[in-house]
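Descriptive structure summary
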Amino acid sequence: MTEIILYHNPACGTSRNTLALIRNSGTEPSIILYLQSPPSREELKTRIAEMGISVRALLRTNTEPYEQLRLAEDQFSDDELLDAMLAHPILINRPIVVTPLGTRLCRPSEAVLDILPEPQRGTFTKEDGETVIDEQGKRIGH
């Protein structure tokens, strides 16, 4: 069985859709509820490096701590941004998925399809009603 890790927030539709796409490939991921069990500083730095993105690119900007901490200002070092994410895990954008094929911030949720080792096993429709996988397990419009 392929090991897949999902940093998940069940309150987030994109995160729920990503989980459902993983399950549609026949795999049950290891789910980390990162708001309750935040990653360590080293784990977060590792995931950012694996994704090939900046620390700032992982910040959620549409959440209250972002405004309160004035994180939009370009005065913070990567370490200070990491400190903010560790103190306020809601600032960590999600879902992050780790598979043997790579690590990705899956926004939109279909981004997970690029790193899933197993193909989709049938049709999949997102919560908003958009069908993204057809009956043969093929990605629509891609």
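Look up: the structure comes first, before these words.
Because the structure is a prediction, the values reported are computed rather than measured.

**Things to note about the sheet that holds strand β3 (residues 96–99)**
- Reading across the sheet, the 4 strands line up as β2-β1-β3-β4 and stay open at both edges, with mixed pairing between neighbours. Looking at the sheet topology across the chains shown, the edges are occupied by β2 (30–33) and β4 (102–105). Ignoring which end each strand starts from, the neighbouring axes of this sheet average 15° apart.
- Of the strand pairs in this sheet, strand β1 (residues 5–8) and β2 are connected by 4 bridges, and their pairing is parallel. Bridging from a neighbouring strand, Y7 pairs with I32 of β2.
- Sitting on the sheet, helix α1 (residues 13–24) touches β1, β2 and β3, and the angle it makes with β1 is about 160°.

**Examining the nonpolar core**
- In this structure, L58 and M85 are the most contacted members of the largest nonpolar core, which totals 20 residues.
- Elements with a minimum of two residues in this core: β1, α2 (41–51), α4 (78–87) and β3.
- Contact partners of L58, with chain neighbours within four places excluded, come to L44, I48, M51, I53, M85, L91, I92, N93, I96 and L105.
- Counting 15 residues, the second largest nonpolar core, distinct from the first, contains L19, V97, V112 and V132.

**With respect to the pairing of β4**
- One ladder, built from 4 bridges, connects β3 with β4; its direction is antiparallel. Each bridged residue has a counterpart across the sheet, and for V98 the counterpart in β4 is T103.
- The turn joining β3 and β4, which pair antiparallel and follow one another in sequence, is formed by 2 residues.

**Section: the side chain of Q120**
- Among the secondary structure elements, Q120 is positioned in the loop between β4 and β5 (124–125).
- Accessibility expressed as a relative area gives 9% for Q120, which makes it buried.
- A polar contact is formed between the side chain of Q120 and the backbone oxygen of L21, at a distance of 2.9 Å.
- Separated by 2.7 Å, the side chains of Q120 and N24 make a polar contact.
- Sequence-distant contacts of Q120, that is, excluding residues within four places in its chain, are made with L21, N24, S25, L113, I133 and G137.

**Observations regarding unusual backbone geometry**
- Omega for the bond connecting R94 with P95 falls within 30 degrees of zero, at 0°, which places this linkage in the cis form.
- For the peptide bond that leads from R107 to P108, omega is 0°, which places it in the cis range.
- The residue P108 is located in the loop between β4 and β5 in this model.
- Positive phi values are uncommon outside glycine, yet R70 reaches one of about 55°.
- One can find R70 in the loop between α3 (64–68) and α4.

**Considerations on the pattern of salt bridges**
- One pass over the full model with this rule turns up 10 salt bridges.
- Between E28 and R23 there is a salt bridge, and its shortest N-O distance comes to 2.8 Å.
- With relative accessibility at 45%, the residue E28 sits in the partly exposed group.
- A salt bridge links E110 to K126; the nearest nitrogen and oxygen atoms lie 3.0 Å apart. In this pair, E110 is assigned in the loop between β4 and β5 and K126 in the loop between β5 and β6 (131–133), connecting sequence segments 16 residues apart. Here the two residues E110 and K126 agree in accessibility, since each one is buried.
- Members of the salt-bridge network, linked through shared partners, are R41, D79 and D83.

Quick notes on the rules
- Residues numbered from 1 in each chain as written.
- Predicted model: local features only at pLDDT ≥ 70, side-chain atom pairs only at ≥ 80, totals over all residues.
- Heavy atoms only, no water.
- Pairing = 2+ DSSP bridges.
- Helix = DSSP H or I, 4+ residues; strand = E, 2+ residues; numbered from the N terminus.
- Axes fitted to C-alpha atoms, helices over the stretch in contact; angles between N-to-C directions.
- Contact = heavy atoms within 4.5 Å.
- Core = buried A, V, L, I, M, F, W, Y, C linked by side-chain atoms within 4.5 Å.
- Buried < 20%, exposed > 50% of the residue type's maximum accessible area, 1.4 Å probe, protein only.
- Polar contact = N/O pair within 3.5 Å; in protein donor to acceptor, adjacent residues only side chain to side chain.
- Salt bridge = Lys/Arg side-chain N within 4 Å of Asp/Glu carboxyl O.

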